[in-house]
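Summary of the model geometry
Residue-level listing of the chains:
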Amino acid sequence: MMREGSQSPELSDPDHHLPNPPKGSMKGDKLKEQDPCPPPPIQGLMKGDKREEQGLDPEPEVPQQPTEEEEALIEFHRSYRELFQFFCNNTTIHGAIRLVCSKHNRMKTAFWAVLWLCTFGMMYWQFALMFEEYFSYPVSLNINLNSDKLVFPAVTVCTLNPYRYNEIKSELEELDHITEQTLFDLYKYKFNKRLASPRGRRDLGGTLPHPLQRLRVLPQPHKARRARGATSSMRDNNPQVDRKDWKIGFQLCNQNKSDCFYQTYSSGVDAVREWYRFHYINILSRLQDTSPSLQEEALGNFIFTCRFNQASCNQANYSHFHHPMYGNCYTFNNKNNSNLWMSSMPGINNGLSLTLRTEQKDFIPLLSTVTGARVMVHGQDEPAFMDDGGFNLRPGVETSISMRKEALDRLGGNYGDCTENGSDVPVKNLYPSKYSQQVCIHSCFQESMIKECGCAYIFYPKPQDVEYCDYRKHSAWGYCYYKLLGAFSTDSLGCFTKCRKPCSVTNYKLSAGYSRWPSVKSQDWIFQMLSLQNNYPINNRRSGVAKLNIFFKELNYKTNSESPSVTMVTLLSNLGSQWSLWFGSSVLSVVEMAELIFDLLVITFLMLLRRFRSRYWSPGRGARSAREVASTPPSSLPSRFCPHPTSPSLPQPGPTPSLALTAPPPAYATLGPCPSPLSSAGASSSACALGEL
C-alpha cells in the first residue's frame, strides 16, 4: 500500500498511461484523435455544468435573483390554486379575502365559499332579469296637456243618396223596373201603379244575369240529408213555403261554371238591397269618368247656410267629390284650401255651422233606405272614408258635435310596430294622401282584387291600366269578389298584418247632442225664409232640412307620447346598484373578474397544450433524435456538439480523453449503487462519481 501524500510514478508521468485502461477511455482517446474541434474558451459554467458541479460538490445552492433576461412581458400563474390565492388576496370584491385567510379552518372556508357562490348566483340572476326587461323594449306613456290655438279639422258632408245620372239614367230605370217585377214575383208586392201587367220570371232571367231567387232550406236531422235537401231546393220558388224555411239570394259562379254558390240573406230587405247594389256597381262602372255630371252640383242646392267663426263661407273653403253610394260630398277646410281655419275660442259660436237640405227628390229609393245626411270629421291629409267613420244626421234635428283633439306619438323600431310614412310597408298607396292604416288596408284589398279577379272595385281608387269590374267584361268578378271579401274579413289576405299603424296619429273625440229644429214656434218664419232664399218647398216642412254644428269643446288637447322605459343609462344604473348590493364593489372590480376569467382560460389552454405535446410530440421526437445522433459520424457533427470540459478552472493531471456526444444521456436513476471507494482505484472512483450525477 502507498502512503498518504506519496505520488505514484505512473500518475506523475503525464505521458504514461494506465496499464489496463478502460474501454471507455480508449474509445475516448480514439475520438480525441479524430476530433477536429478546438477546445472552446472558458466563459464560465453553463446551466448543465452547474448541475454537474452540484452533484460533485455537496455545498448548498444559493438562490439567484431574477435577472432582466428571466423576466417576461406576460406571466401566468402555474396552477389554479396559485391564481385563486392571488385573486383573493388582491381583489377589491368584498368577502373574497375570507376564502384565503380562513384556509386553516375548513368550516369557515366552506361557509364563505357557499355564501360567495350564492351571492354571485343571485346577482347574475338579477342581471338576467334586467337584461330581459331591457331587450323586451318596454315603453312608458307620457301624457301632456297643452293649450293653444288649434287647426280646425276637415269636415265632409254627403247627401246620403246619389242622384240619377244622365249618362246611365235609362239603365237605372230598367234596373228599377226589373227590381219591382222581382218583388212582385217573390212577395206579391206591387211597387206602384205603373206595373199593371207584371212580366214573368222568364223575361227577367234573360234581361239581367244573376237573378234574385227564393231558396228553400228544409231542416234535416242528418247533415247528408240536409245537404241534399238544400241542393234539390235551390230552384224551388214555390210561394206557398213557410217564410221560416226559405231565404233570398242570387247565384254566383266562376269563369267555367265549375264552382257556384248562393249569396243568401235571411232578410228580404237586405237581399234586395244587396242585389240591387251589385247590379248598380256594374252599371256605374261603364261610365267613362268616375265623377259623372250630376243634376244638382251647386253648393246651394244641398247646403243652405254655412258659417265659421260667425263669418260666411265661400267657394274657396270647400271642395266637391262624388261618392258612388253617398252622392255629392263636400269637404270643408281640406289641405287644398289656401287658408286653413283656426280656432282661437271654444264653443258652439266659434265653430262650423251648416243648414242642410235632406229631401229625397229624384233619389234612388232601392239603393238607400234612409234619409238625412252623412258627416265625417277627419284630418286635412286623410281621405274621407264615409263607410268607416261617418255617421248620419237626422232630418228636422239640430245636431251639435263637440270635439277634443288627441295626438299620439309612438316609438318605432324595436319599441313598436309602427311606420313613419309608410315607405317600409309592402303595400302601394293608391290614395293621393298621406299614409294611414285605413288607406293601407283599402289599397291592399284593391291590389288583391286586381290580382285575383282581374279588375278593380269601384269604391276604391285604381291604377291607370286597370278597368273597373263589370260582369259584361268580367263575368266571374262577383264570384271572386265575395270569396275575396270573406278571406279579407278573416285576414287570410294578410292586409291587417302588412298595414302597420302610423307612428304619429291625430284623433278627434266626438260627442253629439240632439234637439228638435226648428221649434214649433219658429218653424213658420224659418221655412218662409228658406223658401224665398233657397227655393225650399214649404210643403216639406221639417222632413227636408237638418242643422249641424261642429266646434271644439275646449282648446286643451292631450298629447300621448311614448318613451323608452329602460334606457342604457337606466340599465347601467340598475346593474351597478345590484353589483354594489351583493358585492359592494365598482366597475374596476368587474374588470378584475374579467381578468380572473381570462387567466383561467389561458392556464387551461396552456395545460391542454402541454399535455398534447407530451402525448404526441415528445416521445417520438426523442427516439428519432437519438437514432439520428447515434448514426452520425463524429466528423460530420456541428460545432455545437463539441464536448467541453466540466471543470475548466482545474488543472488536468494528464491528457483527458475527449468525450463525444453519441447518444442521449442515460437514465441515471436506473443505475445500480456504486462500490465502496476504499477498494477502488482512482479511475474507478471518478467513474462512480460520474455515475452518481
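What you see is a predicted model; the values in this text were computed from it and never measured.

Focus on the nonpolar core
Grouped together as the largest cluster of nonpolar side chains are 66 residues, with contacts concentrated most on Phe 250, Tyr 280, Met 449, Tyr 457 and Trp 477. The set of elements that each furnish at least two residues to this core consists of helix H7 (169–187), strand S5 (246–253), strand S6 (260–265), helix H10 (268–284), helix H12 (437–453) and helix H13 (477–489). The leading source of residues in this core is H10, at 9 residues. Not counting the four nearest positions on each side in its chain, Phe 250 is found in contact with His 210, Pro 211, Leu 212, Phe 261, Tyr 262, Gln 263, Tyr 265, Trp 275, Phe 278 and Tyr 482.

A closer look at the environment of Asn 328
Note on placement: Asn 328 falls in strand S10 (residues 327–332). With 171 residues separating them along the chain, Asn 328 and Val 157 place their C-alpha atoms 8.4 Å apart. Engagement of the side chain of Asn 328 in a polar contact is seen with the side chain of His 320, the distance being 3.1 Å.

So, the packing of aromatic side chains
In this structure the tally under the stated criterion is 34 aromatic pairs. The interplanar angle of 45 degrees and the centroid separation of 6.4 Å between the aromatic rings of Phe 278 and Tyr 482 together place this pair among those described as tilted. Taken as a pair, Phe 278 in helix H10 and Tyr 482 in helix H13 lie far apart in primary sequence, 204 residues in all. Cation over ring: Lys 483 sits above Phe 261, and NZ or CZ is 5.0 Å from the ring centre.

Re the sheet that holds strand S13 (residues 373–378)
Sheet strands pair by backbone hydrogen bonding; their relative direction is either parallel or antiparallel. Ordered by their spatial adjacency, 5 strands build an open sheet running S9-S10-S3-S13-S14, and the pairing between neighbours is antiparallel. The sheet is open, and its two edges are formed by strand S9 (318–323) and strand S14 (391–393), each paired on a single side. Averaged over all neighbouring strand pairs, the angle between strand axes comes to 30 degrees, with direction disregarded.

Thoughts on the state of the cysteines
Inspection of the entire model under this criterion finds 8 disulfides. With a sulfur-sulfur separation of 2.1 Å, Cys 440 is cross-linked through a disulfide to Cys 499. In this structure, the disulfide formed by Cys 440 and Cys 499 twists by about -80 degrees around the S-S bond and is classed as left-handed. Taken together, the residues Cys 440 in helix H12 and Cys 499 in the loop between helix H14 (495–498) and strand S17 (501–502) connect sequence positions 59 residues apart. Under the relative-accessibility criterion, Cys 440 is labelled buried at 3%. Relative accessible area serves as the criterion here: at 2%, Cys 499 is assigned to the buried category. The partner cysteine of Cys 444 in its disulfide is Cys 495, sulfur to sulfur 2.1 Å. Where Cys 444 bonds to Cys 495 through sulfur, the torsion about that S-S bond is close to -75 degrees, and the disulfide is left-handed. Here Cys 495 lies in helix H14 and Cys 444 lies in helix H12, a separation of 51 residues in the sequence.

Overview of the UniProt feature "transmembrane region" (unreviewed entry) in the chain
Those residues carrying the UniProt feature "transmembrane region" (unreviewed entry) are residues 110–131 in this numbering. With 100% helix and 0% strand, the stretch residues 110–131 has end C-alpha atoms that lie 31 Å from each other.

What to know about the pairing of S10
Of all 6 residues that make up S10, 6 are buried, and the element is covered over most of its length. Of the strand pairs in this sheet, strand S3 (residues 154–158) and S10 are connected by 4 bridges, and their pairing is antiparallel. Paired with Val 155 across the strands is Phe 332, a residue of S10. Two elements, S9 and S10, share 6 bridges in a ladder whose sense is antiparallel. Looking at S10, one finds that Tyr 318 is bridged to Phe 332. Linking S9 to S10, which pair antiparallel, is a turn of 3 residues.

Rules used throughout
- Residues numbered from 1 in each chain as written.
- Predicted model: local features only at pLDDT ≥ 70, side-chain atom pairs only at ≥ 80, totals over all residues.
- Heavy atoms only, no water.
- Core = buried A, V, L, I, M, F, W, Y, C linked by side-chain atoms within 4.5 Å.
- Buried < 20%, exposed > 50% of the residue type's maximum accessible area, 1.4 Å probe, protein only.
- Helix = DSSP H or I, 4+ residues; strand = E, 2+ residues; numbered from the N terminus.
- Contact = heavy atoms within 4.5 Å.
- Polar contact = N/O pair within 3.5 Å; in protein donor to acceptor, adjacent residues only side chain to side chain.
- Phe/Tyr/Trp six-rings, centres within 6.5 Å; stacked < 30°, edge-to-face > 60°.
- Lys NZ or Arg CZ within 6 Å of the ring centre and 35° of its normal.
- Pairing = 2+ DSSP bridges.
- Axes fitted to C-alpha atoms, helices over the stretch in contact; angles between N-to-C directions.
- Disulfide = S-S within 2.5 Å.
- UniProt positions renumbered as here; feature names shortened; annotations may be inferred.

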